Amino acid sequence: MALENKLGIEDASDLAREEERISKKKAMELFENRLFDKMEAGKFSSLKTIHKYLFEEIYDFAGEIRKVNLSKGGFRFAPLMYLEAALENIDKMPQSTFDEIIEKYVEMNIAHPFREGNGRSTRIWLDLILKTEIGRVVDWSKVDKEDYLLAMERSPIKDIEIKHILKAALTDEVDSREVYMKGIDHSYYYEGYVTFKAEEL
Ligand SMILES: Nc1ncnc2c1ncn2[C@@H]1O[C@H](COP(=O)(O)OP(=O)(O)OP(=O)(O)O)[C@@H](O)[C@H]1O
Ligand SMILES: [Mg+2]
C-alpha cells in the first residue's frame, strides 16, 4: 500500500519511482533558480520551504508538520505533542562550528517533522547551513549509504560516528550541482530496507 498521494498511485514501488523522479527534478530547479539565497540557514522555515518545494506535486502534506507519531527501526521520533516546541528549540541551537551544525542536524532528524521525505529535505537543509557558516558542504558521493544510515540510527544516543563520516566527506566545492544532487539520492525506500520505512504508531 502506498501513502496517499496527488498522483493517484496505489502501488508503493510505483510511487517510490515517481516520487524520486519528481523530487529530483524539483531539487534541480531549487538549485538552478538560486532559491537558497532567500532562505535563512538553520531555521525550520527554510526546511519547510525545501520540503514543500520538493514534494508539493506529490503530497498534500508537503511543507506541513506531520499529524501522526512516527518510528523507524524501533526508534520513535519526537512525539507529536512536543514537536512544535522541539522545532522552536532547534531554531535557537548554535551553528557556528562543524560540531554544532551536526548536533543541530541530529536534533532535526529526531524531530522528523514531515510524514515522509525528511531524509532528503534535511540533507539539503544541512548543506545550506554548512555552506553558509563554514563555506563547505558534504560530498554525498563520498558517504557510504549503509554507514550513513547506521550512524543516523545511532545518532540520538551518540553523534560521534555521524560527525566522523560527514567530516571526512566535506568539500569546498559548494557550488557544484553534482555534489548537491548526490544528497537527495534516495535508495533505501524500495530496496528491501523494510525496517527503515516509517511506521505510524
Ligand atoms: N532508526 C532510525 N533512527 C534515527 N534516524 C533514522 C532511522 N532510520 C532512518 N533515519 C533517518 O531518517 C531518514 C529517512 O527519513 P524519511 O524516510 O522521512 O526521508 P526520505 O527522504 O524518504 O529518506 P532517505 O533519507 O532514505 O532519502 C534517513 O535519512 C535517516 O537520516
Ligand atoms: Mg522515506
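Each remark here, short or long, concerns the structure printed above.
Residues numbered from 1 in each chain as written. Chains lettered and ligands numbered in written order. Predicted model: local features only at pLDDT ≥ 70, side-chain atom pairs only at ≥ 80, totals over all residues. Heavy atoms only, no water.

**What to know about the pattern of salt bridges**
Part 1: A full pass over the atoms with the stated rule returns 19 salt bridges.
Part 2: With a shortest N-O distance of 2.6 Å, Lys163 and Glu103 are connected by a salt bridge. Of this pair, Lys163 sits in helix H7 (residues 160–168) while Glu103 sits in helix H4 (residues 98–111); the two residues are 60 residues apart in sequence, bridging distant segments of the chain.
Part 3: Owing to a relative accessible area of 12%, Lys163 belongs among the buried residues under this scheme. (Salt bridge = Lys/Arg side-chain N within 4 Å of Asp/Glu carboxyl O. Helix = DSSP H or I, 4+ residues; strand = E, 2+ residues; numbered from the N terminus. Buried < 20%, exposed > 50% of the residue type's maximum accessible area, 1.4 Å probe, protein only.)

**What to know about the packing of aromatic side chains**
For any pair of aromatic rings, the description rests on two quantities: the centre-to-centre distance and the angle between the ring planes.
Part 1: All chains considered together, the criterion is met by 7 aromatic pairs.
Part 2: An angle of 75 degrees between the planes, with centres 5.8 Å apart, marks the rings of Phe36 and Tyr180 as edge-to-face. Remark: Tyr180 occurs in helix H8 (residues 177–182) and Phe36 occurs in the loop between helix H1 (12–32) and helix H2 (44–55); sequence separation between them is 144 residues.
Part 3: Phe36 gets classed as buried once you look at its relative accessible area, which sits at 13%.
Part 4: Centre to centre, the rings of Trp140 and Tyr148 are 5.9 Å apart; their planes meet at 90 degrees, and the pair counts as edge-to-face.
Part 5: The exposure class assigned to Trp140 is buried, which follows from its relative accessible area of 7%.
Part 6: By relative accessible area, Tyr148 is classed as buried at 7%. (Phe/Tyr/Trp six-rings, centres within 6.5 Å; stacked < 30°, edge-to-face > 60°.)

**A word on the side chain of Asp185**
Part 1: Of note, Asp185 is situated in the loop between H8 and strand S5 (199–200).
Part 2: At 3.0 Å, the side chain of Asp185 and the side chain of Lys24 are in polar contact.
Part 3: Other than its neighbours up to four places away in sequence, Asp185 contacts Lys24, Arg123 and Lys145. (Polar contact = N/O pair within 3.5 Å; in protein donor to acceptor, adjacent residues only side chain to side chain. Contact = heavy atoms within 4.5 Å.)

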